[in-house]
Amino acid sequence: VTDYEPILRPVDRAGRAFWPVVGALLAVIALGASAYATQLRHGLLVTGLSRPVFWGMYILNLIFFIGISYGGTLTSAVLRLVGAEWRRPVARAAEAATVCALLVGAPQPLLDLGRVDRAGWLLLHGKFSSPMLWDVISISTYLLVSAVYLWVALIPDVALLRDRGLGGPLRRALYRALAAGFSGSEPQIRRAQHAMAVLAVLAIPVAVSAHTVLSWVPGLSQKPMWHSALMGPYFVLGAIFSGIATILILLAVLRRVLHLEAFLLREHFEKLGLLMLAMACLWAYFTLAEHLTAAYGQKPDELVVLKEKLVGRYAVPFWIMVGCCFMAPLLLAFRRLRTIACTVAVSALVVVGMWIERFLILIPTEVNPRLRHAPACYFPTWVEWSELGASAAAFVLLLVLFSRLFPVISIWELREDTPRPARGPHGPTEA
Amino acid sequence: MPRWGMTIDLDRCSGCQACVVACKQENNVPFASAEDLERGRGISWMQVLSTVEGEWPNLRARHLPLPCLHCEKAPCTKVCPVDATHLDSEGFVEQNNARCIGTRYCAQNCPYGVRFFNFRTPEFPERLARALSPDVAVRPRGVIEKCTLCAHRVKRAEEQAYLEGRKELRDGEVTTACAAVCPGQAITFGDLDDPQSRVAKLARSPRAFRLLEELGTEPKVFHLRETRFDEGT
């Protein structure tokens, strides 16, 4: 393909669906805002939380949204470092999804705080022995690195937009600022490529740390079935898994809505689908290892939680989760089923399944504390469901705005005349 | 420096809940509606967990009074991201209501379930509101609270001793609200570091045990297990 105009068209002109979609998303976000106003007025009383279920939907959404961010920066950085050329058309959208998911996910704990007015004390009075403080540090670092990673890869394309003079005065000022004086000269390109290579290496440990530390918040406690060394890897793997599924859905939507059929090929969906299949197998392996350890070790406290999951009150969501996260992706093992439609359908199931997985990690343990005072249960209220809806809408809205402002496929990386990867003394400096 | 602790003799506990009521009165703990209790939003610094074992007519009721155990290695304190709770020099696990931001992480990490979140702004009936205990602050909505082992009573007694020119408190000079009202005198409060104190002697009893000892939390509240009728004490 040599004609990159289709990539620029959505930036140039809004599609017919743009404003209705933005309006609908804003309406959902407004519902979430009104729900939050209710919560500010009445406190966490309006949620389904109680003693001993101290964490619910909001912490779950934190884990979920940080999780789906893993299909972007991390996956893109790994593919960049191993020199997978096919990533070129999909990397930009994926990296944008990371930043959008983090912007939605990172503030979730604020919804959960009993005294949100004192949130600043995390910075003023932070105590380092708390994994929650590690969380604040690692997630903000991850957001920063992901944003810089997205931006650096965006610079040449923004310079193109600037040179074309697209948009009104505000947008032109934005492009001018983001392009950071990029003129496309040889030393500038080399510097950008070098920065990308460094950032890609940096992004991997930073990204892995974010969900690991998140897993440690429950994982370092002594609660039955939370206290497990597998928590970190399990969270990271689940995050990559749900992240790839999210990216697949996103790519299919962009392909259809922005008419990018010439760039996003079935091959991309097949490759990402296979990657998701591999993650599904690893996920099943981790899940088996975790649950078998609890079952065979037969510690009474853990068995109570395990039974609740496998055959008790949470059996239905548990087996739906197994169906969504393991059985469904197995379909992608068949070449004939690796169509775009089928891959996207499986991805949707995986995203739902992984949300349920996070629910099943948190809740069954919480309703079965070591010392049982009274029977406990948890079901989110309309306020909490509204926050889930509003968070999802905010994620989509951010992506819609991104696709309106920037090319969702990296033009300069696709260009044949982009300098081919040069193997410098610092390893592959290809960007 | 004393190290305050408590023993609760299960042989002497009849499950009457006087300690629960006295604690609420002493510490300005608000009432909870039946609905709030049903939904796990009630607050009771002192709880009596009761179970009935066996089948009729061979029944056996067991009661376990459960305040905060003020663990030496408290799992709740290290997880607080803003240092709103910590073990102080006299052995109390303190809770700073003004610092707490309501993450509820401490409550998650307490294996005994003795930490409570204020789901509501506390409300007291008119007459009770005028009779609140002046030594204990009423906690606002959105923060964690829990048993202080009546640290304010200790403070007051220490002030009195200071005025009388004494450096240390006598054993039994100060006690908690729950211990003061217990009709069976099941609860004993005192300095665990004073080997001659009543509480230290009871804590050395062969009947003494600590809840969930295997977790290594080292509670400073000891329970004394029940004896059978044919077994001497």
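Analysis parameters
Residues numbered from 1 in each chain as written. Chains lettered and ligands numbered in written order. Predicted model: local features only at pLDDT ≥ 70, side-chain atom pairs only at ≥ 80, totals over all residues. Heavy atoms only, no water. Helix = DSSP H or I, 4+ residues; strand = E, 2+ residues; numbered from the N terminus. Rg over C-alpha atoms; globule rule 2.2 N^0.38 Å. Buried < 20%, exposed > 50% of the residue type's maximum accessible area, 1.4 Å probe, protein only. Contact = heavy atoms within 4.5 Å. Areas by Shrake-Rupley, 256 points an atom, 1.4 Å probe, with all protein chains shown as cover. Lys, Arg positive; Asp, Glu negative; His and termini not counted. Charge placed at Lys NZ, Arg CZ, Asp CG, Glu CD. Buried area = accessible area lost by both parts, 1.4 Å probe. Salt bridge = Lys/Arg side-chain N within 4 Å of Asp/Glu carboxyl O. Polar contact = N/O pair within 3.5 Å; in protein donor to acceptor, adjacent residues only side chain to side chain. Pairing = 2+ DSSP bridges. Patch = residues over 30% accessible without salt bridge, like charges linked within 9 Å, V, L, I, M, F, W, Y side chains within 5 Å. Disulfide = S-S within 2.5 Å. Axes fitted to C-alpha atoms, helices over the stretch in contact; angles between N-to-C directions. Left-handed = near helix turned anticlockwise from the far one by under 90°. Nonpolar A, V, L, I, M, F, W, Y, C, P; charged D, E, K, R; others polar. Phe/Tyr/Trp six-rings, centres within 6.5 Å; stacked < 30°, edge-to-face > 60°. Lys NZ or Arg CZ within 6 Å of the ring centre and 35° of its normal. Expected span 1.5 Å × (residues − 1).

A. Spatial organisation of the overall build of chain A. In terms of helices and strands, chain A carries 17 helices and two strands. Since a compact globule built from 431 residues should have a radius of gyration of about 22 Å, the 22 Å found for chain A is in line with a globular shape. Looking at the 431 residues of chain A, the share that counts as buried comes to 58%. In chain A, 83% of the contacts between residues at least 6 apart in sequence involve partners at least 24 apart. Per element, the accessible surface of chain A, about 17,900 Å² overall, is 70% carbon and sulfur. Averaged over its 38 positive side-chain charges, chain A has a centre that lies 2 Å from the centre of its 26 negative ones.

B. Local environment of the overall build of chain B. Along the backbone of chain B there are eight helices and 10 strands. Taken over C-alpha atoms, the radius of gyration comes to 18 Å for chain B, in line with the 17 Å a tight globule of 233 residues would show. Here the C-alpha coordinates of chain B stretch approximately 55 × 50 × 40 Å along the principal axes. Looking at chain B residue by residue over its 233 residues, the buried ones come to 53%. A fraction of 64% describes how many contacts in chain B between residues 6 or more apart in sequence connect residues 24 or more apart.

C. View of the interface of chain B and chain A. If you look at the interface, chain B gives 42 residues, while chain A gives 40 residues. Roughly 3,500 Å² is buried in total at the junction of chain B and chain A, and carbon and sulfur atoms are behind 54% of that figure. By the criterion of area lost to chain A, the three top residues of chain B are Arg104, Tyr105 and Gln108 of chain B, representing 21% of everything that side buries. Viewed at the interface, chain A and chain B are joined by two salt bridges. For aspartate 112 of chain A, the salt bridge goes to arginine 104 of chain B, with nearest N and O atoms at 2.6 Å. There are 26 residue pairs in polar contact (both at pLDDT 80 or more) connecting chain B and chain A. Of all elements in the fold, only strand 2 (47-53), helix 3 (75-79), helix 4 (105-109) and strand 6 (116-117) of chain B reach the threshold of two or more residues within the side of chain B that touches chain A.

D. Structural context of the sheet that holds strand 10 (residues 221-224) of chain B. Residue and element names in this part refer to chain B. The sheet built from four strands is open, its strands ordered 8-1-10-9 with mixed pairing. For this open sheet the edge positions go to strand 8 (187-191) and strand 9 (208-209), each flanked by a neighbour on one side alone. Pairing of strand 1 (residues 4-9) with strand 8, which is carried by five bridges, proceeds in the antiparallel orientation. The residue bridging glycine 5 from the neighbouring strand is glycine 190, located in strand 8.

E. Highlighting a nonpolar patch on the surface. Together, Val78, Leu81, Val82 and Val201 of chain A line one region of the surface with nonpolar side chains, adding up to about 320 Å² of accessible area. For valine 82 of chain A, the position within the fold is in the loop between helix 4 (73-81) and helix 5 (88-105).

F. The environment of alanine 208 of chain B, seen in detail. All names here are of chain B. By secondary structure assignment, the location of alanine 208 is in strand 9. Residue classification places alanine 208 among the partly exposed residues on the basis of a relative accessible area of 21%. Not counting chain neighbours up to four residues away, the residues in contact with alanine 208 comprise Leu202, Ala203, Phe222, His223 and Leu224.

G. Looking closely at the pattern of salt bridges. A complete count under the given rule lists 35 salt bridges over all chains for this structure. Here glutamate 85 of chain A makes a salt bridge to arginine 88 of chain A, at a shortest N to O gap of 2.6 Å. Salt-bridge contacts for glutamate 26 of chain B lead to arginine 153 of chain B; the nearest nitrogen and oxygen are separated by 3.0 Å. Of this pair, glutamate 26 of chain B sits in helix 1 (residues 18-26) while arginine 153 of chain B sits in helix 6 (residues 151-163), placing them 127 residues apart in sequence. Among the charged side chains, a network of salt bridges with common partners joins Arg80, Arg87, Glu95 and Glu413 of chain A.

H. Molecular detail of the state of the cysteines. Residues and elements named next belong to chain A. A complete count under the given rule lists zero disulfides over all chains for this structure. Cysteine 324 supplies the cysteine sulfur nearest to cysteine 325, a cysteine that is in no disulfide, at a spacing of 6.2 Å. Here cysteine 342 is not disulfide-linked; the sulfur of cysteine 324 is the nearest cysteine sulfur, at 14 Å.

I. Region of interest: the pairing of strand 10 of chain B. Residues and elements named next belong to chain B. Residues Val221 and His223 line one face of strand 10 and the alternating positions Phe222 and Leu224 line the opposite face, and both faces are buried. Of the strand pairs in this sheet, strand 1 and strand 10 are connected by four bridges, and their pairing is parallel. Following the sheet pairing, threonine 7 is matched in strand 10 by phenylalanine 222. In this sheet, strand 10 lies alongside strand 9 in antiparallel orientation, the contact comprising two bridges. What sits directly across from phenylalanine 209, in strand 10, is histidine 223.

J. View of the pairing of strand 3 (residues 60-66) of chain B. All names here are of chain B. As judged from the seven bridges shared by strand 2 and strand 3, these two strands associate in the antiparallel manner. Its bridge partner being in strand 3, valine 48 is matched across the sheet by proline 65. Counting the residues between successive antiparallel strands, the hairpin from strand 2 to strand 3 contains six residues, one of them, glycine 54, with a positive phi of roughly 85°.

K. Representation of the packing of helix 5 of chain A against helix 8 (residues 131-164) of chain A. Residue and element names in this part refer to chain A. Where helix 5 meets helix 8, the closest approach of the two axes is 9 Å, and the angle between their N-to-C directions is 145°. The two elements helix 5 and helix 8 cross, and the hand of that crossing is left-handed. Side by side, helix 5 and helix 8 meet where Arg92, Glu95, Ala96, Thr98, Val99, Leu102 and Leu103 of the first sit next to Tyr142, Leu143, Ser146, Ala147, Tyr149, Leu150, Ala153, Leu154 and Asp157 of the second. For the contact of helix 5 with helix 8, the per-class residue count stands at 11 nonpolar, two polar and three charged.

L. Just the packing of aromatic side chains, in detail. Tallied over the full model, the rule gives 21 aromatic pairs over all chains. Lying across the ring of tryptophan 226 of chain A, lysine 223 of chain A places its NZ or CZ 5.8 Å from the centre. Cation over ring: arginine 41 of chain B sits above phenylalanine 119 of chain B, and NZ or CZ is 4.9 Å from the ring centre.

M. Helix 11 (residues 231-257) of chain A, seen in detail. Residue and element names in this part refer to chain A. End to end, helix 11 covers 38 Å across 27 residues, agreeing with the expected 39 Å (1.5 Å per residue, within 8%). Most of helix 11 sits inside the fold, with 22 of its 27 residues counted as buried. Trailing helix 11 by a residue or two, histidine 259 shows a phi angle of about 55°, which is positive.

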